[in-house]
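# Geometric and topological summary
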Amino acid sequence: EQDIRKMGGLRKYMPITFWTFVIATVAIAGVPPFAGFWSKDEILWKAFSSHLPVPGGLLWGLGIAAAAFTAFYMTRLVVLTFFGQLRSAPGGGHGHDHAKTPHESPASMTLPLVVLAALAVVGGFVGTPHWMPQWLGGGVFETWLKPVCPPVESEASQPAGEHHGPPVEELLLMAVSVGIAAAGIGFAWRVYSVKKGAPAKAFVARHRALHEFVHAKYKVDELYDAVVVEPLLEFNEVLARFDNAVVDGAVNGAASGGATASLHTGYFDNEVVDGGVNATAHAVQATGRGLRRLQSGDIRQYLLTALVGGLVVMAAYSLYLRWDQIMTFFGC
């Protein structure tokens with residue numbers, strides 16, 4: 001079962017998970033001396049004392065509000081999950097034959113939980129403020145990071161061994177943050193443990209629209225769909241139509257034109273160019289066949305041809321010499 005509204009009473013079935021979960025909860029809620037307290041306090045103090053364009057008090061107020069909500073909803077999570085009566089049916093209400101009573105996780109899961117819980121208890125001391133004694137880890141983390149992350153403010157970069165008294169203002173803000181965390185834990189405990197969630201149910205009944213708005217994650221998904229997803233999909237449709245109509249049309253048109261031109265150039269090449277070459281070859285071949293008959297190897301034919309040729313030449317030459325007389329005879 002993954003719905004905490006159907007859990008409850010699991011601390012007696014899963015004691016290791018329960019105690020490690022409680023340690024993690026008080027750590028993230030900002031209860032000293034757990035790890036989350038030191039990191040949260042450092043963030044709040046730097047937000048308050050920063051010299052940014054945004055007022056430090058505003059940043060600190062937003063941070064302290066987030067810390068209060070964190071302490072509240074983490075305590076709600078612990079109460080609904082581990083306290084009270086088991087609200088789910090055996091096996092999660094699915095009716096399977098393998099339904100069993102809730103039980104502790106195997107060591108492969110509980111051992112990492114124990115290690116993380118131990119670090120949640122002592123790990124924060126590496127990030128304690130610089131004005132605390134070094135044996136409590138004062139300034140160890142920021143000194144270790146100094147070569148790569150120089151401090152923004154000079155008072156945060158005191159040399160090792162030079163520890164002054166804690167700033168009164170920082171101590172007051174630290175006390176306020178602890179009080180806020182305690183208030184968030186106490187309020188959630190009262191609402192969900194002492195009152196069995198009745199105030200929360202009454203609040204939801206009075207402010208159902210607000211509850212639905214928050215339950216829908218402030219409509220962030222719907223806003224993201226309307227502002228980002230849907231415009232991108234519509235733009236994608238436009239691009240797809242442009243690609244199909246213009247780009248593909250131009251490519252297909254070029255292909256069609258190339259195919260048509262290739263058809264005509266192929267016809268010209270086959271009929272004209274190849275036809276001319278083939279005709280020349282045929283003419284040369286026919287001429288060769290005709291001249292080949294002259295090369296018969298018969299001496300009498302050669303002599304006869306030479307005689308006839310000589311007579312033709314002589315007749316032509318005589319005709320040339322007496323051309324004027326011939327023309328006069330015919331009256332030309």
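Just above sits the structure.
Summary of the structure given here. (Residues numbered from 1 in each chain as written. Predicted model: local features only at pLDDT ≥ 70, side-chain atom pairs only at ≥ 80, totals over all residues. Heavy atoms only, no water.)

### Observations regarding the nonpolar core
Leu10, Phe18, Val78, Phe82, Phe83 and Tyr192 are the most contacted members of the largest nonpolar core, which totals 15 residues. The set of elements that each furnish at least two residues to this core consists of α3 (56-82) and α6 (168-194). With five residues, α3 is the largest single contributor of residues to this core. When residues no more than four places from it in sequence are discounted, the contact partners of Phe82 are Gly9, Leu10, Arg11, Thr17, Phe18 and Phe21. (Core = buried A, V, L, I, M, F, W, Y, C linked by side-chain atoms within 4.5 Å. Buried < 20%, exposed > 50% of the residue type's maximum accessible area, 1.4 Å probe, protein only. Helix = DSSP H or I, 4+ residues; strand = E, 2+ residues; numbered from the N terminus. Contact = heavy atoms within 4.5 Å.)

### So, a negative patch on the surface
A grouping of Glu222, Asp225, Glu230, Glu234 and Glu237 is seen on the molecular surface, where their side chains present a negatively charged patch. Within the secondary structure, Glu237 sits in helix α9 (residues 220-292). Overall, Glu237 belongs to the partly exposed group, its relative accessible area being 44%. (Patch = residues over 30% accessible without salt bridge, like charges linked within 9 Å, V, L, I, M, F, W, Y side chains within 5 Å. Areas by Shrake-Rupley, 256 points an atom, 1.4 Å probe, with all protein chains shown as cover. Salt bridge = Lys/Arg side-chain N within 4 Å of Asp/Glu carboxyl O. Lys, Arg positive; Asp, Glu negative; His and termini not counted. Charge placed at Lys NZ, Arg CZ, Asp CG, Glu CD.)

### Thoughts on helix α1 (residues 15-29)
With 15 residues, α1 extends 21 Å from end C-alpha to end C-alpha; this agrees with the ideal 21 Å at 1.5 Å per step. On the buried face of α1, the contacting elements are α2 (35-49), α3, α4 (107-122) and α6. The first or second residue beyond α1 is Gly30, which carries a positive phi of 90°. (Expected span 1.5 Å × (residues − 1).)

### Comments concerning α6
Over its 27 residues, α6 extends 37 Å from the first C-alpha to the last, a length consistent with the 39 Å expected when each residue adds 1.5 Å. Looking only at α6, the buried set comprises Glu170, Leu173, Met174, Ser177, Ala181, Gly184, Ala188, Val191, Tyr192 and Ser193. Note on α6: the residue one or two positions beyond its end, Lys196, has a positive phi of about 55°.

### Points about the packing of helix α7 (residues 198-206) against helix α8 (residues 208-215)
Contact geometry of α7 with α8 gives a least axis separation of 5 Å together with a crossing angle of 105°. Taken as axis vectors, α7 and α8 run roughly perpendicular relative to one another. Of the residues in α8, those in contact with Phe203, Val204, Ala205 and Arg206 of α7 are Arg208, Leu210 and His211. Grouping the constituent residues of the contact of α7 with α8 by class yields four nonpolar, one polar and two charged. (Axes fitted to C-alpha atoms, helices over the stretch in contact; angles between N-to-C directions. Parallel < 35°, antiparallel > 145°, perpendicular 65-115°, else oblique. Nonpolar A, V, L, I, M, F, W, Y, C, P; charged D, E, K, R; others polar.)

### A short note on unusual backbone geometry
That bond from Pro32 to Pro33 is cis: its omega, 5°, falls within 30 degrees of zero. For Lys196, which is not glycine, the phi dihedral falls at a positive 55°. Mapped onto the elements, Lys196 comes out in the loop between α6 and α7. Accessibility expressed as a relative area gives 61% for Lys196, which makes it exposed. For Tyr218, which is not glycine, the phi dihedral falls at a positive 60°.

### Details of the pattern of salt bridges
In total, this model carries two salt bridges according to the counting rule given. Its salt-bridge partner being Asp3, residue Arg5 comes within 3.0 Å of it at the nearest N-O pair. Under the relative-accessibility criterion, Arg5 is labelled exposed at 56%. A salt bridge links Asp221 to Lys217; the shortest N-O distance between them is 3.7 Å.

### Some details on the packing of aromatic side chains
For the coordinates displayed, the defined rule picks out eleven aromatic pairs. Ring geometry for Phe21 against Phe82: centres 5.3 Å apart, planes inclined by 55°, an arrangement best described as tilted. With Phe21 in helix α1 and Phe82 in helix α3, this pair connects stretches of sequence that are 61 residues apart. Phe21 sits in the partly exposed class, given a relative accessible area of 25%. Here Phe82 falls in the buried class, since its relative accessible area comes to 3%. Their ring planes at 70° and their centres at 4.9 Å tell us that Phe37 and Trp38 sit as a pair that is edge-to-face. Exposure remark for Phe37: the relative accessible area of 2% places this residue in the buried category. (Phe/Tyr/Trp six-rings, centres within 6.5 Å; stacked < 30°, edge-to-face > 60°.)

### Re the side chain of Thr17
Inspection of the secondary structure assignment puts Thr17 in helix α1. Beyond its immediate stretch of four places on either side in the chain, Thr17 contacts Phe82, Glu104, Ser105 and Leu113.

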